[in-house]
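What follows is each chain in one-letter form.
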Number of protein chains: 2
Amino acid sequence: MAPSLNDKSEKVAEESMASQLQNRPISTIVIIIAMQTEALPLVNKFQLSEDPDSVFPKGVPWVRYHGIYRNLNINIIWPGQDTVLGVDCVGTVSASLVTYAAIQALQPDLIINAGTAGGFKAKGACIGDVFLASDVAFHDRRIPIPVFDLYGVGLRQVFSTPNLLKDLNLKIGKLSTGDSLDMSPQDEASIIANDATIKDMEGAAVAYVADLLKIPAIFIKAVTDIIDGDKPTSEEFLQNLAAVTAALDQAVTQVVDYISGKCLPEL
Amino acid sequence: MAPSLNDKSEKVAEESMASQLQNRPISTIVIIIAMQTEALPLVNKFQLSEDPDSVFPKGVPWVRYHGIYRNLNINIIWPGQDTVLGVDCVGTVSASLVTYAAIQALQPDLIINAGTAGGFKAKGACIGDVFLASDVAFHDRRIPIPVFDLYGVGLRQVFSTPNLLKDLNLKIGKLSTGDSLDMSPQDEASIIANDATIKDMEGAAVAYVADLLKIPAIFIKAVTDIIDGDKPTSEEFLQNLAAVTAALDQAVTQVVDYISGKCLPEL
């Protein structure tokens, strides 16, 4: 069926609005960070304060730190601590929920998912490296039925930022996401199939929701542990978390400084 | 710090409201169903119709079928088809998002997550059996750091319905959830640790969100494939999907008929 004239003019109006939005400076940013240790240095750096009247429903542990920094409306969203267990709400379920709720409440121009990650030395990753993801996919959603298999992998391109990448001299690599900190042989096979340099527990879920709601998203990940190295992941992760968080926060600050005053197509 | 008088009276008012809600007949039900094949017979049975003005944001594929059946406001929520790939949006990310969005939009008294599942014959499951879950947990979120490990497993009791269980003569068993249709040795070890009789791809995510927002939830799962049997899961699943869906729909209808006119504590 051909679109009616109304559909057509609606589409033209939408495209014109989208183009106007693209050509004004970025105004509102949502930064999704899974762990408080990763978030707090940035909260201090940008002088954000915790939202007293939460934009989120009563009872959820999600926290929004908010403030104005270099003319940008900055919102750091941390999924908070599990209400019973008291640990950070890591992983894809919490990440997708807070991404959804933050987009609904704040209508950001851009989402940044920042966090720590494991890296593969065979693909060039070292402890403390900060990567911008070129694309993201899942490695623990195996559905061996045609087309469902692709849905499970959930490969998504991130919002392309060639100028930011070049001007800030960041490393680039593919990001693979799963809900386990360790890596089973099946996960490893999927990570290799995803051609990933870095592995995290949230990225592909944030990308899925951002894509669903048509908000551009980028992914900044700092390497806390070498997955194809000698040390156990959890030990190396905890050992390097504080130091690598400093590198992550420096990179996120550089990215935010770079974004300030620019329009999306300039990134 | 001791709660102030205001906190106390607020708490008393909340408890009194909760008790009033518990003692009036159940009015609004949300039924989360991941696959259209599973949902459509129930949509027809309850004579529901697709919501023309979606309660969900523009662009998401989520579908609400709505209507009144035996004085119950019934909402079947299907996450829809992937906008690019056209397959049902199965798995924990979509399930948690639609559960969250449906609770926010509809404030149901009760959530029912209905769907097909794999079953373990060693735990007494047969093809076509319909189970009510006694509790739910994840089997593919391994985080080997103290307390984070428990967060990953995410064990949750379901809303207890002893009368419904007895009067409808349903089987009962523990449900374990993961994003893969197959089962890796690591998944298997976690499923055994979870003492699960049935395995699905959404339950624990629905339970997590329902618990977060304090909405009672129950889980009705029909067995399409025997995981510890001879046949490959995906083959057996596709072979039995239509027939087992009929058993699932019959059980969900019985449960809804049973709920009609009752208060939550009567279930």
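Only a predicted model underlies this, so the values are computations on that prediction, with no experimental measurement involved.

Asks: Tell me about the overall build of chain A, residues and numbers included.
Replies: Summing up its helical and strand segments, chain A has eight helices and 10 strands in all. Against the 2.2 N^0.38 benchmark of 18 Å for 267 residues, chain A shows a C-alpha radius of gyration of 19 Å, consistent with a compact globule. Overall size of chain A, expressed as C-alpha extent along the three principal axes, is 60 × 50 × 40 Å. Each of the 267 residues in chain A was classed as buried or not, and the buried ones make up 58%. Excluding contacts between residues fewer than 6 apart, the proportion of contacts in chain A whose partners are at least 24 apart in sequence is 74%. In the form shown here, chain A has an accessible surface area of approximately 11100 Å², with 53% of it arising from carbon and sulfur atoms. Distance between charge centres in chain A, computed from 20 positive and 32 negative side chains, equals 5 Å.

Asks: Talk me through the packing of aromatic side chains; I want residue IDs and the actual numbers.
Replies: Overall, the coordinates contain seven aromatic pairs over all chains when judged by the stated rule. Seen in terms of ring centroids, Phe56(A) and Trp62(A) are 5.5 Å apart; in terms of plane orientation they differ by 80°. Their pairing is edge-to-face. This pair shows no difference in class: Phe56(A) is buried, exactly as Trp62(A) is. Seen from their ring centres, Trp62(A) and Tyr100(B) are 5.4 Å apart, and the 45° between their planes marks the pair as tilted. Placement of the pair is Trp62(A) in the loop between β2 (49-50) and β3 (63-69) and Tyr100(B) in helix α3 (residues 92-106), with the two residues belonging to separate chains. Of the aromatic side chains, those joined through ring pairs into one cluster are Phe56(A), Trp62(A), Tyr100(A), Phe56(B), Trp62(B) and Tyr100(B). Directly above the aromatic system of Phe138(B) lies the positively charged group of Arg141(B), at a separation of 3.7 Å from the ring centroid. The ring centre of Tyr151(B) lies 5.3 Å from the NZ or CZ of Arg141(B), which sits over that ring.

Asks: With reference to specific residues and values, describe the UniProt feature "domain: Nucleoside phosphorylase" (unreviewed entry) in chain A.
Replies: As recorded in UniProt, the feature "domain: Nucleoside phosphorylase" (unreviewed entry) lies at residues 28-256 of chain A. Helix makes up 35% of residues 28-256 of chain A and strand 27%, with an end-to-end C-alpha separation of 11 Å.

Asks: Explain the interface of chain A and chain B residue by residue, including any values.
Replies: Contact residues are listed per partner, giving 51 residues for chain A and 51 residues for chain B. Across the chain A to chain B interface the summed buried area is about 4300 Å²; carbon plus sulfur atoms make up 65%. At the junction of chain A and chain B, the tally comes to five salt bridges. Close ionic contact of Arg142(B) with Asp182(A) constitutes a salt bridge, the shortest N to O distance being 2.9 Å. The interface formed by chain A and chain B holds 16 residue pairs in polar contact (both at pLDDT 80 or more) in total. Elements represented by at least two residues in the side of chain A that touches chain B include exactly α3 (92-106), α4 (148-153), α6 (185-193), α7 (203-212) and α8 (233-259) of chain A. In terms of residue count, α3(A) provides more of the side of chain A that touches chain B than any other element does, eight residues in total. Of the residues contributing to the side of chain A that touches chain B, the split by class is 31 nonpolar, nine polar and 11 charged.

Asks: Please set out the packing of α3(B) against helix α7 (residues 203-212) of chain B residue by residue, giving values where relevant.
Replies: Residue and element names in this part refer to chain B. In contact at an axis separation of 8 Å, α3 and α7 are set at 30° when each is read in the N-to-C sense. The angle between α3 and α7 places the two elements in the roughly parallel class. Pair α3 / α7 crosses with right-handed handedness. Contacts between α3 and α7 involve Thr92, Ala95, Ser96, Thr99, Tyr100 and Ile103 from the former and Ala205, Val206, Val209 and Ala210 from the latter. Looking at side-chain class alone, the contact of α3 with α7 contains seven nonpolar, three polar and no charged residues.

Asks: So what's going on with empty space enclosed by the protein? Which residues, and what values?
Replies: Residue and element names in this part refer to chain B. Applying the stated criterion to the full structure yields five cavities of 30 Å³ or more. Counted as a void, the largest cavity has a volume near 260 Å³. Around the largest cavity, the lining comprises 25 residues; the ones closest to its centre are Thr116, Leu181, Met201, Glu202 and Phe237. Looking at the lining of the largest cavity, the elements with two or more residues in it are β5 (110-119), β9 (198-200), β10 (217-226) and α8 (233-259). The element that contributes the greatest number of residues to the lining of the largest cavity is β5, accounting for six residues. Counted by class, the lining of the largest cavity contains 12 nonpolar, seven polar and six charged residues.

Asks: Describe the pattern of salt bridges, and please don't skip the residues or the numbers.
Replies: Residue and element names in this part refer to chain B. Taken as a whole and judged by the stated rule, the model has 25 salt bridges over all chains. As a salt-bridge pair, Lys174 and Asp135 come within 3.9 Å of each other at their nearest N and O atoms. One end of the pair, Lys174, is in strand β8 (residues 171-177); the other, Asp135, is in strand β6 (residues 130-138), with 39 residues separating them in the sequence. Take Lys174: its relative accessible area is 29%, and that puts it in the partly exposed class. Of the charged contacts, one joins Asp211 and Lys214 as a salt bridge, the two residues approaching to 3.9 Å between their closest N and O atoms.

The rules behind the values
- Residues numbered from 1 in each chain as written.
- Chains lettered and ligands numbered in written order.
- Predicted model: local features only at pLDDT ≥ 70, side-chain atom pairs only at ≥ 80, totals over all residues.
- Heavy atoms only, no water.
- Helix = DSSP H or I, 4+ residues; strand = E, 2+ residues; numbered from the N terminus.
- Rg over C-alpha atoms; globule rule 2.2 N^0.38 Å.
- Buried < 20%, exposed > 50% of the residue type's maximum accessible area, 1.4 Å probe, protein only.
- Contact = heavy atoms within 4.5 Å.
- Areas by Shrake-Rupley, 256 points an atom, 1.4 Å probe, with all protein chains shown as cover.
- Lys, Arg positive; Asp, Glu negative; His and termini not counted.
- Charge placed at Lys NZ, Arg CZ, Asp CG, Glu CD.
- Phe/Tyr/Trp six-rings, centres within 6.5 Å; stacked < 30°, edge-to-face > 60°.
- Lys NZ or Arg CZ within 6 Å of the ring centre and 35° of its normal.
- UniProt positions renumbered as here; feature names shortened; annotations may be inferred.
- Buried area = accessible area lost by both parts, 1.4 Å probe.
- Salt bridge = Lys/Arg side-chain N within 4 Å of Asp/Glu carboxyl O.
- Polar contact = N/O pair within 3.5 Å; in protein donor to acceptor, adjacent residues only side chain to side chain.
- Nonpolar A, V, L, I, M, F, W, Y, C, P; charged D, E, K, R; others polar.
- Axes fitted to C-alpha atoms, helices over the stretch in contact; angles between N-to-C directions.
- Parallel < 35°, antiparallel > 145°, perpendicular 65-115°, else oblique.
- Left-handed = near helix turned anticlockwise from the far one by under 90°.
- 1 Å grid on protein atoms, 1.4 Å probe; cavity = no way out; pocket = protein on both sides within 12 Å on 5 of 7 lines; lining within 4 Å.
- Points joined across faces, edges and corners; volume = space filled by probe spheres on them.

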